[in-house]
Amino acid sequence: MEQVMGGSDNQRYLGWTLVALSAVAWSTAGYFTRLIEEDVWTILFWRGVFGGLALALMVAVQSRGKVIKAYSGLGGMGLLLALVSGLGMIAFLSSLRLTTVADVYVIYATVPFITAGVAWLILRERTSLIILAASALALAGVVVTLSGARYGGSLLGQFIAFLMTLTMALMTVILRWKRDIPVMPALGLSAWVAAFISFWFCHPFDVSSSDLALLALFGLTQSALGLMLFGMGSRLIPAAEATLITALDVPLAPLWVWLAFGEVPSSYTLAGGTIVLAAVFGHIAIEMRRPQLENLRN
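## Concerning the overall build of the protein
Here is step 1: When its secondary structure is counted, the protein shows 14 helices and zero strands.
Here is step 2: Helices (α) and strands (β) of the protein occur, in sequence order from the N terminus, as α-α-α-α-α-α-α-α-α-α-α-α-α-α.
Here is step 3: Taken against the 2.2 N^0.38 rule, which gives 19 Å for 298 residues, the C-alpha radius of gyration of the protein at 19 Å falls within 12% of a compact globule.
Here is step 4: Taken along its principal axes, the extent of the C-alpha atoms in the protein is 65 × 50 × 35 Å.
Here is step 5: For the protein, the residues scored as buried account for 49% of the 298 residues in total.

Shown next as structure tokens:
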């Protein structure tokens, strides 16, 4: 595989690990939303608030208290990254309200292909056939997982799901392209963007103390930690590869619900999840063996 923009093998392994861990963090969304007895807009508002606060605290530690200077130094591309990421959070929620879950996840499963196209247009970063093949296999796994689910929701909802997928692709490419953007201030600001938009559609202060504690944990782990890990890891690997690895969210999300609530996944979910895992880890195994094979040829 051609590694455009360079990078050592150790950096690539680190990128794989960080992005995979971000997928683990993001996969807990279903678990938290099952525990929290609030409407989705209220959940999104408080998740953004607590996620933004957590990242602001990290920025304060990293910048030695110069928080305002850190945020003011984002520049145009940093602000664009924050806006794109924040709108992606809103689009994800909106798409789930306007169309079926199956529609949303199948559309989102095309993100590696869209990312590959955007990366080529902006960075001239060519995606290897191995990544595209693994992405196609992961897409097939998502389709299998959602077999029997209801499709054919509203066209508006499907369009917003596509916009959400496009924002993920753009966010990944921007992180890969502009490596001088301060990651934590930019992504922390994106959480505030999502919270600000959500505020107008919810009643944020009619929340129980127990739900507020869960929302704080939700914001710290699923939002702040997930964004931070993805922001750091996606800079170290090709853009399409980063979004391929986030497909680990598909088999992991029902796993946490199963362990916490005893909801046994369907045979379709198990089969589809296995295919996704095979696609991601199969790709990684091939790439790890590639240097050895090239040495043997030489």
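## With respect to unusual backbone geometry
Trans is the common state for peptide bonds, and a negative phi is the common state for residues other than glycine.
Here is step 1: For Arg124, which is not glycine, the phi dihedral falls at a positive 55 degrees.
Here is step 2: Mapped onto the elements, Arg124 comes out in the loop between α7 (111–123) and α8 (129–145).

## Quick word on the environment of Leu98
Here is step 1: Looking at where Leu98 falls in the secondary structure, it is placed in helix α5 (residues 75–98).
Here is step 2: Note: C-alpha distance between Leu98 and Leu156 (58 residues apart in sequence) is 7.0 Å.

## Re a nonpolar patch on the surface
Here is step 1: On the surface, a cluster of nonpolar side chains totalling about 440 Å² of accessible area is made up of Leu98, Leu156, Phe159, Phe162 and Leu163.
Here is step 2: Considering each element in turn, the nonpolar patch owes the most residues, four residues, to helix α9 (residues 155–177).

## Some points on the packing of α5 against helix α10 (residues 183–199)
Here is step 1: As a packed pair, α5 and α10 sit with axes 7 Å apart at the nearest point and diverge in direction by 45 degrees. In terms of orientation, α5 and α10 fall into the oblique class. Two packed elements cross with a definite hand, and for α5 against α10 that hand is right-handed. Contacts between α5 and α10 involve Gly78, Leu79, Leu81, Ala82, Leu83, Ser85, Gly86, Leu87, Met89 and Ile90 from the first element and Ala186, Leu187, Leu189, Ser190, Ala191, Val193, Ala194, Ile197 and Ser198 from the second.
Here is step 2: Classifying every residue of the contact of α5 with α10 gives 14 nonpolar, five polar and no charged.

## Focus: the nonpolar core
Here is step 1: Counting 71 residues, the largest nonpolar core has Trp46, Leu81, Met171, Leu215, Phe230, Ile245 and Val280 as the members making the most contacts within it.
Here is step 2: Residue contributions to this core peak at 11 residues, all from helix α3 (residues 40–62).
Here is step 3: Excluding its chain neighbours within four sequence positions, the residues that come into contact with Leu215 are Ile36, Ile43, Trp46, Phe50 and Val207.

## A short note on helix α11 (residues 209–233)
Here is step 1: An ideal rise of 1.5 Å per residue puts 36 Å on 25 residues; α11 measures up with 35 Å between its terminal C-alpha atoms.
Here is step 2: The sharpest bend along α11 reaches about 30 degrees and sits at Gly219.

## Digging into the environment of Arg179
Here is step 1: Considering the arrangement of structural elements, one finds Arg179 in the loop between α9 and α10.
Here is step 2: Along the sequence, Arg179 and Ala25 sit 154 residues apart, while their C-alpha atoms lie 23 Å from each other.
Here is step 3: In terms of polar contacts, Arg179 uses its side chain to reach the backbone carbonyl oxygen of Arg176, at 3.3 Å.

## Thoughts on the pattern of salt bridges
Here is step 1: Summed over the entire model, instances satisfying the criterion amount to four salt bridges.
Here is step 2: Between Glu241 and Arg12 there is a salt bridge, and its shortest N-O distance comes to 2.6 Å. Residue Glu241 is located in helix α12 (residues 239–245), and its partner Arg12 is located in helix α1 (residues 9–26); the two are separated by 229 residues in the primary sequence. The residues Glu241 and Arg12 share a single accessibility class, namely buried.
Here is step 3: A salt bridge links Arg176 to Glu125; the shortest N-O distance between them is 3.0 Å.

Conventions and cut-offs
Residues numbered from 1 in each chain as written. Predicted model: local features only at pLDDT ≥ 70, side-chain atom pairs only at ≥ 80, totals over all residues. Heavy atoms only, no water. Helix = DSSP H or I, 4+ residues; strand = E, 2+ residues; numbered from the N terminus. Rg over C-alpha atoms; globule rule 2.2 N^0.38 Å. Buried < 20%, exposed > 50% of the residue type's maximum accessible area, 1.4 Å probe, protein only. Patch = residues over 30% accessible without salt bridge, like charges linked within 9 Å, V, L, I, M, F, W, Y side chains within 5 Å. Areas by Shrake-Rupley, 256 points an atom, 1.4 Å probe, with all protein chains shown as cover. Salt bridge = Lys/Arg side-chain N within 4 Å of Asp/Glu carboxyl O. Axes fitted to C-alpha atoms, helices over the stretch in contact; angles between N-to-C directions. Parallel < 35°, antiparallel > 145°, perpendicular 65-115°, else oblique. Left-handed = near helix turned anticlockwise from the far one by under 90°. Contact = heavy atoms within 4.5 Å. Nonpolar A, V, L, I, M, F, W, Y, C, P; charged D, E, K, R; others polar. Core = buried A, V, L, I, M, F, W, Y, C linked by side-chain atoms within 4.5 Å. Expected span 1.5 Å × (residues − 1). Bend = angle between axes of the 7 residues up to and from the residue. Polar contact = N/O pair within 3.5 Å; in protein donor to acceptor, adjacent residues only side chain to side chain.

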